Amino acid sequence: MAKIKSLIGYAATALVFTGVGVMLSDTELGDQVRSSAKVAKQSALSTVADQFSGDIRERVLIENPELIQRVMVGGGFGGNFSKNIGQHIFGKNYEPAIQDALEMTEVKQAGDRMWIIHMPIVNSILLETDEGLVVIDTGMAPAGPALIKAIRSVSDKPIHTIIITHGHTDHAYGTYALVEDSPNAQIIAHENIIPRFERYIKLRGSLANYMSQPEDELPAKKDDIIWPTRTFKDRLELTIGGEAFVLQHHRGETDDHLYVWIPGRKAIAVGDFYQGFLPNVGNGKRRQRYVEDWAVAMREMAELKPEVLLPSHGVGITTGDEIQENFVVLAEALESITEQTLDGLNQGVRKDLIVDGIALPEELANHPTLQVKYVSAKDISKMLIKQYTGWWNDIPSDWSPAPWATRGAEIAGLAGGVDQLVVRAREVMKTDLALASHMADWAWMADSDHPEVQQLTIDVYRARVSDPATNTQEMLTYIDQMARARQKQLEAGR
C-alpha cells in the first residue's frame, strides 16, 4: 500500500484523470489515480503501468493516456462508455461490468407509455400496452440486470413480448434477465438470427480475437444463448394490447436486421439502421453488411412519416421533419457511395483506386448526422467491393504472394538494413503517416524482435490513433498492433 500511495503524486494528468482512472476503475490503484495530482511525466505513467497486471492493451492505454479520449469519440456509439462492458460484452457474470451498467443506466420518457433505456453503449426500448410490456432489444450480457431494474422502475406489468432487431451482442444478450423476470414472454426475431447465433458458437475463437473479448465468455454451446421463440421471414404484424406492431425486415448491418413501426403511436424503433453518424456499414473485422438494402430501409422508414424516433444508439427525436430529413440524408449518402463504387467496378478500375476516389458530395459530407466516427465512406466502399467481387485486390503479385516475412526482409535489405528502414520511416512520419505505417509493417515483418522496430511500431501507430482523420475501427486495430510491440518489449525486459 505504501508503494501505491507513493505513486499518487505522479499518477495523473488531466487525461490520466479521465483515462487511466477509467482503465483501472475496478482496482484500488484506479481509485488512487482518480484522486491524484493533475501533472505527471511519461516515466511516472510507466511506473503506474508496472503495478498493473491486466490486458496488455490496457497497459498501452495507461502508458499513452491521450489515446483514451480518441477511442471514446466513437466507442460509446452515442451513449456512455464503459471499459468494463466494452471488454466483456458477453460476460453476464463479470461483476465490474454488471456494476457499471447498474450505475450508468438511465430511463428517459419518449412519449405516452414509451421509454428509452440508455445503457452504456446501447439503448433498449420499452413500451407499455394494455396486455403487458414490449421490450425492443436487450443490450449486452452484463447489462441484463440493469435493464430489468430500469424496466421495473417505471412499470410492474409482465413482459409480454421481446423483439430483437438483430443478433449483434449489444442488442440480444441481456435477454436472459428479462426471461428470468417474465418466463412467459415471447421472443421474436428474424429467421436469420438462428444461423447467426449458430455461427457465433462455431467461430467462438475467431470472434473473441476480432472483437477483443475473453474467449471463455463467448457462447460455447446452444444452452449459452437465449433463442427466439418465434421467427419470421419478411414482415410480421402483431397485435398486442389492441395495438399494431409491424416488424419489417431489411438487410442492413446484418442479414437479420429489422425495424419496428408502431403506427398508433407514430413511433419507430430503428435498431441500428439509424445511429446519428455515418453508420457502421464498412467494418473490416465483421461479416458482410448490406449498403444498398440499408438505403432502401431508410427511404421506406422516411415514407412512414414517423413522429417519434426510438434509436438503439444515441438520443430520441420527436420532430417528424427532422426524422425524415435524417433518414433521407443517410439513404442519399449510402446511394452515392454505392453508385461511385459500382461505376468503378463496371469501368474496370483497380479496387484500391475505386476506394481512394470515394467522396461524398459536400452537402452530405457536412451533414451533422453523417459524421465519421466508426467507419468512413471509403470503408463502406470496401464493404460493397467485398459483396460484389472475389478476394483478389487486382494486384497481380497478390494472387499468390511471397510470404510477408520474405517481403519485409527484402524491403529492409533494399533500404540498407532494418536500421536504415527505421530511420527512413521516422523521417516519413513527419509528412505521411499512412506511408510510415507501411514502412513500420515492413520492418515488423522483417524483424519484429528488433528493439528499434518495436518502438517504431508503437510510435507510428500512436500517431495514427492521435490523428483526427482516424476512425474508431482503425484505432482499435492500431492499438492492437501497439500492444503486440509492447508485449515484445516487456518480454525483453524493456
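Remember, predicted model here, so these are calculated numbers, not experimental data.

(A) Summary view of the overall build of the protein chain. Within the protein chain, the regular secondary structure consists of 24 helices and 12 strands. Residues classed as buried in the protein chain amount to 52% of the 494 residues present. Once local pairs closer than 6 in sequence are excluded, the contacts in the protein chain between residues at least 24 apart make up 67%. Working note: accessible area of the protein chain is about 21,300 Å², and carbon and sulfur atoms make up 52% of it.

(B) Region of the structure containing the confidence of the model for the protein chain. Scored by pLDDT, the protein chain comes out at a mean of 89, with 88% of its residues at no less than 70. Low pLDDT, under 50, characterises residues 1-41; the predicted model gives this stretch 75 contacts beyond four residues in sequence or across chains.

(C) Quick peek at helix H19 (residues 377-388). Look at H19: 17 Å from first C-alpha to last across 12 residues, which is about the 16 Å you get at 1.5 Å a residue. Where H19 is buried, its residues touch helix H15 (291-303), helix H16 (320-346) and helix H17 (351-356).

(D) Region of interest: the packing of aromatic side chains. What the rule picks out here adds up to 10 aromatic pairs. Between Trp391 and Trp399, the ring centres sit 4.9 Å apart and the planes meet at 40 degrees, which makes this aromatic pair tilted. The class for Trp399 is partly exposed, based on a relative accessible area of 48%. An aromatic cluster is built from Phe90, Tyr173, Phe197, Tyr200 and Trp227, whose rings are joined through pairwise contacts. When the ring centre of Trp227 is taken as origin, the NZ or CZ atom of Lys222, which lies over that ring, is 5.6 Å away. The positively charged end of Arg407 is found above the aromatic ring belonging to Trp404, 4.0 Å away from the centroid.

(E) Up close: the pairing of strand S6 (residues 186-190). Most of S6 is tucked away: four of the five residues are buried. Where strand S5 (residues 159-163) lies against S6, three bridges are found, and the strand directions are parallel. From the neighbouring strand, Thr161 faces S6, where its bridge partner is Gln186. As defined by bridge partners, S6 adjoins strand S7 (residues 230-232) across three bridges and the pair is classed as parallel.

(F) Seen up close, the sheet that holds strand S1 (residues 106-111). Here we have seven strands laid out as an open sheet, ordered S1-S2-S3-S4-S5-S6-S7, and mixed in their pairing. Looking at the sheet topology across the chains shown, the edges are occupied by S1 and S7. Adjacent strand axes in the sheet meet at a mean angle of 20 degrees when their direction is disregarded. Alignment of strand S4 (residues 132-136) against S5, held across four bridges, turns out to be parallel.

(G) Region of the structure containing unusual backbone geometry. The residue Lys266 is not glycine, and still its phi comes out positive at about 50 degrees. A positive phi is found at Asp394, a non-glycine position, where the angle reads about 80 degrees. Mapping Asp394 onto the fold places it in the loop between H19 and helix H20 (404-414).

(H) Region of interest: the pattern of salt bridges. In the structure shown here, the tally under the stated rule is 27 salt bridges. A salt bridge links Arg113 to Asp130, with the nearest nitrogen and oxygen atoms 3.1 Å apart. Linking Arg113 in the loop between S1 and strand S2 (114-118) with Asp130 in the loop between strand S3 (123-129) and S4, this pair joins segments that are 17 residues apart in sequence. A residue is classified by how much of its surface remains accessible, and Asp130, at 59% relative accessible area, is exposed. Its salt-bridge partner being Arg426, residue Asp459 comes within 2.8 Å of it at the nearest N-O pair. Linking Asp459 in helix H23 (residues 451-466) with Arg426 in helix H21 (residues 418-428), this pair joins segments that are 33 residues apart in sequence. Residue classification places Asp459 among the buried residues on the basis of a relative accessible area of 14%.

(I) Representation of the packing of H16 against H19. Remark: H16 packs on H19, axes separated minimally by 9 Å, with the N-to-C direction vectors making an angle of 55 degrees. Relative to H19, H16 is oriented oblique. In this structure, H16 crosses over H19, and the sense of that crossing is right-handed. Within the contact between the two elements, H16 uses Leu334, Ile337, Thr338, Thr341, Leu342 and Leu345 and H19 uses Ala377, Ile380, Ser381, Leu384, Ile385 and Tyr388. A class-by-class count of the residues in the contact of H16 with H19 yields nine nonpolar, three polar and no charged.

(J) Molecular detail of the side chain of Asp379. Here Asp379 lies in helix H19. Within the structure, the side chain of Asp379 is placed 2.9 Å from the backbone nitrogen of Ser376, a separation counted as a polar contact.

(K) Representation of H21 within the structure. Along H21, the residues classified as buried are Val418, Leu421, Val422, Ala425 and Val428. Angular distribution of buried residues about the axis of H21 spans 125 degrees; they occupy a single face of the element. Packing partners of the buried residues in H21 comprise H20, helix H22 (433-446) and H23.

(L) The arrangement of the nonpolar core in detail. Ranked by size, the top nonpolar core spans 41 residues in total, and within it Ile151, Ile159, Tyr173, Leu178 and Phe197 carry the most contacts. With five residues, the top contributor of residues to this core is helix H10 (residues 144-152). Beyond its immediate stretch of four places on either side in the chain, Tyr173 contacts Phe90, Thr138, Gly139, Met140, Ala141, Gly167, His168, Phe197, Tyr200, Pro219 and Ile225. One finds Ile268, Leu278, Ala333 and Val375 within the second-largest nonpolar core, a separate group that totals 36 residues.

Criteria and cut-off values
- Per-chain numbering applies: the sequence of each chain, read as written, is numbered from 1 onward.
- Only residues with pLDDT of 70 or above have their local features reported here, since the model is predicted, and side-chain atom pairs are shown and tallied only from 80 upward, although totals for entire chains, interfaces and linings are computed over all residues.
- Each side-chain value is worked out from all heavy atoms of the structure, with water and hydrogens disregarded.
- Secondary structure elements are taken from DSSP: a helix is a run of H or I of four residues or more, a strand is a run of E of two residues or more, and numbering for both begins at the N terminus.
- Working definition: with a 1.4 Å probe on protein chains only, accessible area under 20% of the residue-type maximum means buried, over 50% means exposed, and in between means partly exposed.
- Note on definitions: a residue-residue contact is assigned when non-hydrogen atoms from the two residues lie within 4.5 Å.
- Here the accessible surface of atoms and residues is derived via Shrake-Rupley with a 1.4 Å probe, and residues count as covered only by protein chains that are part of the display.
- Across the chain, each position has a pLDDT score giving the predictor's confidence in that residue, from 0 to 100.
- One less than the residue count of a helix, multiplied by 1.5 Å, gives the span that helix is expected to have.
- Here a Phe, Tyr or Trp ring, Trp counted by its six-membered ring, pairs with any other such ring whose centre lies within 6.5 Å, and the pair is stacked when the planes are under 30 degrees apart, edge-to-face when over 60, and tilted otherwise.
- Any Lys NZ or Arg CZ found within 6 Å of a ring centre and within 35 degrees of that ring's normal is scored as a charge over the ring.
- Between any two strands, pairing holds if DSSP finds at least two bridges.
- Between the N-to-C directions of two axes lies an angle of 0 to 180 degrees, each axis being a line fitted to C-alpha atoms and, for a helix, fitted only over the stretch in contact.
- By definition, a salt bridge exists where a carboxyl oxygen of Asp or Glu is found within 4 Å of a side-chain nitrogen of Lys or Arg.
- Any angle that falls under 35 degrees is termed roughly parallel, while one over 145 is termed roughly antiparallel, one within 65 to 115 roughly perpendicular, and all others oblique.
- Rotating anticlockwise by less than a right angle from the far helix to the near helix defines a left-handed crossing, while the corresponding clockwise rotation defines a right-handed one.
- When residue character is reported, Ala, Val, Leu, Ile, Met, Phe, Trp, Tyr, Cys and Pro are called nonpolar, Asp, Glu, Lys and Arg charged, and the others, Gly included, polar.
- Pairing of N or O atoms within 3.5 Å defines a polar contact, subject to two protein rules: one partner must be a possible hydrogen donor and the other a possible acceptor, and residues neighboring in sequence count only if both atoms are side-chain atoms.
- What the arc describes is the spread of directions from the helix axis to the C-beta atoms.
- Remark: nonpolar core denotes a set of buried residues (Ala, Val, Leu, Ile, Met, Phe, Trp, Tyr, Cys) joined through side-chain atoms within 4.5 Å.

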